[in-house]
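The lines below spell out each chain.
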Protein chains: 2
Amino acid sequence: MNPTLTTLLNHRSIRKFTAEKLTPTEVDTLVSAAQHAATSTFSQQYSIISVTDPQKLAVLGEITGHPWLEGAGHYFLMVADQYRNAQLTPKNATTTANLHSTDKLLAGIFDAAIATEAMVTAGESLGLGSTVMGSILNDTLRVISLFNLPELTFPVLGLAVGHPAEKPALKPRLPQELVHFDNDYQPITANDPILSGYNHLITTYYHERGSHQRDETFTHHIVTEMSRDPKQRAEILVALAQQGFTLNSPIQD
Amino acid sequence: MNPTLTTLLNHRSIRKFTAEKLTPTEVDTLVSAAQHAATSTFSQQYSIISVTDPQKLAVLGEITGHPWLEGAGHYFLMVADQYRNAQLTPKNATTTANLHSTDKLLAGIFDAAIATEAMVTAGESLGLGSTVMGSILNDTLRVISLFNLPELTFPVLGLAVGHPAEKPALKPRLPQELVHFDNDYQPITANDPILSGYNHLITTYYHERGSHQRDETFTHHIVTEMSRDPKQRAEILVALAQQGFTLNSPIQD
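The name given to chain A in an unreviewed UniProt entry is NADPH-dependent oxidoreductase, with Levilactobacillus suantsaiihabitans as the source organism.

## Brief notes about the overall build of chain A
When helices and strands are tallied, chain A shows 10 helices and five strands. The C-alpha radius of gyration computed for chain A amounts to 20 Å, which stays within 12% of the reference 18 Å derived for 253 residues, consistent with globular compactness. With the principal axes as the frame, chain A shows a C-alpha extent of 60 × 50 × 40 Å. Taken across its 253 residues, chain A has 63% of its residues classed as buried. Accessible surface for chain A amounts to roughly 9400 Å². Of this, 53% is attributable to carbon and sulfur atoms. The average position of the 17 basic charges and that of the 25 acidic charges among the side chains of chain A differ by 5 Å.

## Overview of the UniProt feature "domain: Nitroreductase" (unreviewed entry) in chain A
The positions UniProt marks with the feature "domain: Nitroreductase" (unreviewed entry) are residues 10–163 of chain A. Counted over residues 10–163 of chain A, helix gives 44% and strand 18%. Its end C-alpha atoms are 16 Å apart.

## Here we look at the interface of chain A and chain B
Chain A puts 114 residues into the contact, and the matching count from chain B is 114 residues. Note on chain A versus chain B: buried area summed over both sides is about 10100 Å², and carbon and sulfur give 65% of it. In this structure, the salt-bridge partner of D103 of chain B is R233 of chain A, at a minimum N-O distance of 2.7 Å. At the boundary of chain A and chain B, one finds 49 residue pairs in polar contact (both at pLDDT 80 or more). Among the elements that take part in the side of chain A that touches chain B, helix α6 (residues 102–125) of chain A stands out by supplying 13 residues, more than any other. Along the lines of polarity and charge, the residues of the side of chain A that touches chain B split into 62 nonpolar, 35 polar and 17 charged. With three bridges connecting them, strand β5 (residues 180–182) of chain A and strand β1 (residues 46–50) of chain B associate as parallel partners. What sits directly across from F181 of chain A, in β1 of chain B, is I49 of chain B.

## Observations regarding the environment of T102 of chain A
Tracing the chain through its elements places T102 of chain A in helix α6. Residues T102 of chain A and T246 of chain A, 144 residues apart in the sequence, show an inter-C-alpha distance of 7.4 Å. If sequence neighbours within four positions are ignored, T102 of chain A has contacts with L247 of chain A together with I236, L237 and L240 of chain B.

## A word on the domain arrangement of chain A
Residues and elements named next belong to chain A. In terms of domains, chain A is made up of domain 1 (3–168) and domain 2 (171–243). On a C-alpha basis, the centres of domain 1 and domain 2 stand 24 Å from each other. Counting residues at the interface gives 16 residues for domain 1, matched by 10 residues for domain 2. Both sides of the domain 1 and domain 2 interface together cover about 1100 Å² of buried area, and 53% of this is carbon and sulfur.

Scoring rules and cut-offs
- Residues numbered from 1 in each chain as written.
- Chains lettered and ligands numbered in written order.
- Predicted model: local features only at pLDDT ≥ 70, side-chain atom pairs only at ≥ 80, totals over all residues.
- Heavy atoms only, no water.
- Helix = DSSP H or I, 4+ residues; strand = E, 2+ residues; numbered from the N terminus.
- Rg over C-alpha atoms; globule rule 2.2 N^0.38 Å.
- Buried < 20%, exposed > 50% of the residue type's maximum accessible area, 1.4 Å probe, protein only.
- Areas by Shrake-Rupley, 256 points an atom, 1.4 Å probe, with all protein chains shown as cover.
- Lys, Arg positive; Asp, Glu negative; His and termini not counted.
- Charge placed at Lys NZ, Arg CZ, Asp CG, Glu CD.
- UniProt positions renumbered as here; feature names shortened; annotations may be inferred.
- Contact = heavy atoms within 4.5 Å.
- Buried area = accessible area lost by both parts, 1.4 Å probe.
- Salt bridge = Lys/Arg side-chain N within 4 Å of Asp/Glu carboxyl O.
- Polar contact = N/O pair within 3.5 Å; in protein donor to acceptor, adjacent residues only side chain to side chain.
- Nonpolar A, V, L, I, M, F, W, Y, C, P; charged D, E, K, R; others polar.
- Pairing = 2+ DSSP bridges.
- Domains from an automatic or database assignment.

Written out as structure tokens, the structure reads:
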């Protein structure tokens, strides 16, 4: 197996880091990896904010519920960005409709997420570990305000990177049969025997890891996730509207 | 530079492939790389459809306007997927609100996009080239119907992979100063001198590539993109609603 595949197939989230910060060269390398990833129509519709201000890191620690991020070797905020393109574009009905469209929102989100994964992989190739953090969306409006994100930008993911101070076991993924299909979507049923086998595997994983002493399963994990108070994240839509993403068809016939 | 960084920093989209198909092992390896990437709350909210049916590939070639995809060594459709999790979750007001929420839509999109980039990188490490294709959203409803995508799923990206039959020049990316900021978003202005320098670079790139004989710039490229008829992609919102993503706050106070 080549070193890149070894890196990709051994990804785990790292949440404990040594005190060593990333060097400026390492930060540049990760950003460069992000920049060389594919973007939608080569429009490069994302921006990256390095968060080094301890006060801002503390706020992010609070928003995400993961204060350990303050001790990471570096923290990146990944932003879907149509603001830059808006600055380059003369305003008329067509360009305005496009810039504010769901289509261009998604393009920015795709670009930012793809860039994030390039940074994760680049970091791991350098011996760094990371955690991709969707939890910045626990308080999207506060993140927007904290980093002065203008109209037509949206915070997508956080990325904590650093020198690993832990090596967690590799968490078993869903069996390929449940995720990868040929030519047609294949609906799962709750009593799928392959799913049952995977649930057993997850139980064993948590027992061996010494956490979740109760019999955690993937199914139980999903039920827990879907049983959270949905009010917490309802603000996401408010934030999208505030940032100018109307989520309405831009032009109605 | 380590081989993974070399791979990441040399990414270019490949649109011409030899006739050689991916082996089943190569397909499995790419899917495995996708599966080992990070997912939001480890909920693995994506699915992957291998498209091998020539009729379906022809329809995708038509939808995307890129019929060359029919000659790729393999084609993957990346799907944001809350349907699987919905099947594992007992229905009540809370779980329903969550499953249909913007939050979980975004989580599925992040997972699918991140998985896509893992596959791109895995493929390149094996000498394969690829193009990530957002153009499947040119006719989202038709893609949904073509692959029988159920409620709470959404097609995110296509991925054409194969053995490269071209080696395009590396396209210069935006200067880091315009993309990467410290602690605060830095708005660009249309007459930014760094942007002007980049526009010159893009002009040179196209001249040397022998295409776009007119003086293409990044600014001109963006203006062209934003001047397309926005009606073409207005259907995306219709498709999101059809798939059960309400894009309304799930619970109002």
